[in-house]
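# Structural overview
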Amino acid sequence: MARIVMKFGGTSVADLDRIRNVAARVKREVDAGHEVAVVVSAMAGVTNQLVAWCQSLSPLHDAREYDAVVATGEQVTAGLTAIALQELGVEARSWQGWQIPLLTDGAHGKARIDRIEGAELIRRMQAGQVPVVAGFQGIGPDHRVTTLGRGGSDTSAVALAAALHAERCDIYTDVDGIYTTDPRIVAKARKLDRIAYEEMLELASVGAKVLQTRSVELAMKERVRVQVLSSFADTPGSLVVDEDEIVEKAAVAGIAYSREEAKLTVRRVPDRPGIAAAIFGPLAAAGINVDMIVQNIGADGLTDMTFTLPRADLPRARKVLDGVRAGIGFAELLADADVAKISVVGVGMRSHAGVANTMFRTLAEKGINIQVISTSEIKVSVLIGAEYTELAVRALHTAYGLDAA
Ligand code: ASP
Ligand code: MG
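The structure reproduced in this document is the subject of the present report. Because the structure is predicted, anything quoted here is derived from the model rather than measured.

As a further point, take the pairing of strand β14 (residues 261-270). The buried fraction of β14 is high, at seven of ten residues. One ladder, built from eight bridges, connects β14 with strand β16 (residues 302-310); its direction is antiparallel. Residue pairing for β16: T265 is matched across the bridge by T306. Examined bridge by bridge, β14 and strand β17 (residues 332-336) share five bridges and lie antiparallel to one another. Paired with R267 across the bridge in β17 is E332.

Structure representation (structure tokens):
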């Protein structure tokens, strides 16, 4: 007998039939003798609609009222799921954030969880009740409803699993697990039985959007074992766990890509102390997140500085740099939005040599030019022309032995 949290995303509760399906799945776990708490998202599309309504009335709407509106989506599904469970003879009760309470800070629209009072829920579960918790929401210091940022019900579920000392947090979604890469690009992508928190974080932040990044950070910090699985299939999913739980550490666990980057080159800047600060300081002040950076060798006391940033921030970054151009004294700004970032990720890299070299060799064999390189302890990323994205991901998938048999 275990205590588990089962979280269902928007597509899993998209209509009444699917909510019945969710209830049947929950009942199976209850019948197996487990103590179960359920966390639900809003029905697919509902949050988008609620956000759009706020925007239409006022683009700069009050964040407290935004939360009052968008938190309702999860309240509907929590109530409906409780009713569906009761219909199956399962004793269930819905819970909104304030009722638990799930306490957050006051950052309306993107609040962070401070604390969850788990005692009452644990008492009820031990007495055979199934709490059905509205995800994505909590209560702030101002005693008003708060929401946790888009995709936040994953974080609700992980935080609840930690507060309830659950053995596992099962996240039911529309994919049946975490894959070695995007199966839409590589038909031979393989589902991973296990993936380390750190690998998942790297893969999440570079484009594999299965779990909200913050939920993975929280799971890693609180040591919550997370399973990602489909509510439409009966196959086991992928476990996101501590790397100690992974016996065979492959050098590369997965390959991610992102087409949401752009490259900026500041041409012919004076090569002197303080120049990086003069370029990146104003960008940071404008809230622009710079990622890969290379500085070329200087000649005639001048150098080129190339870096990547989110493509959406490109116009703003140009404006910021044009504004400080006179002070810095560079010749020109070159922008290229036709780029893709390809990353290979694996905790096994810490002990395997040659991972980066395999990447460079593989891309060279395909005639793909590498524009920028960056590395961390468990990741190697390269920037290439966007048109080579698929070719690069497929070739690397094969080169690292990740192809399914
Ligand atoms: N319903 C919210 C959203 O769409 C929260 C979630 O589904 O995780 O962002
Ligand atoms: Mg989600």
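Tallied over the entire structure, the rule returns 29 salt bridges. We note a salt bridge from R20 to D17, for which the minimum N-O separation is 2.7 Å. In this pair, R20 and D17 both sit in helix α1 (residues 16-31), three residues apart, roughly one turn of the helix. Owing to a relative accessible area of 54%, D17 belongs among the exposed residues under this scheme. Across the pair R259 and E390 runs a salt bridge whose closest N-O atoms are separated by 3.0 Å. In this pair, R259 is assigned in the loop between β13 (254-258) and β14 and E390 in helix α12 (residues 389-399), connecting sequence segments 131 residues apart.

Cut-offs and rules
Residues numbered from 1 in each chain as written. Chains lettered and ligands numbered in written order. Predicted model: local features only at pLDDT ≥ 70, side-chain atom pairs only at ≥ 80, totals over all residues. Heavy atoms only, no water. Buried < 20%, exposed > 50% of the residue type's maximum accessible area, 1.4 Å probe, protein only. Helix = DSSP H or I, 4+ residues; strand = E, 2+ residues; numbered from the N terminus. Pairing = 2+ DSSP bridges. Salt bridge = Lys/Arg side-chain N within 4 Å of Asp/Glu carboxyl O.

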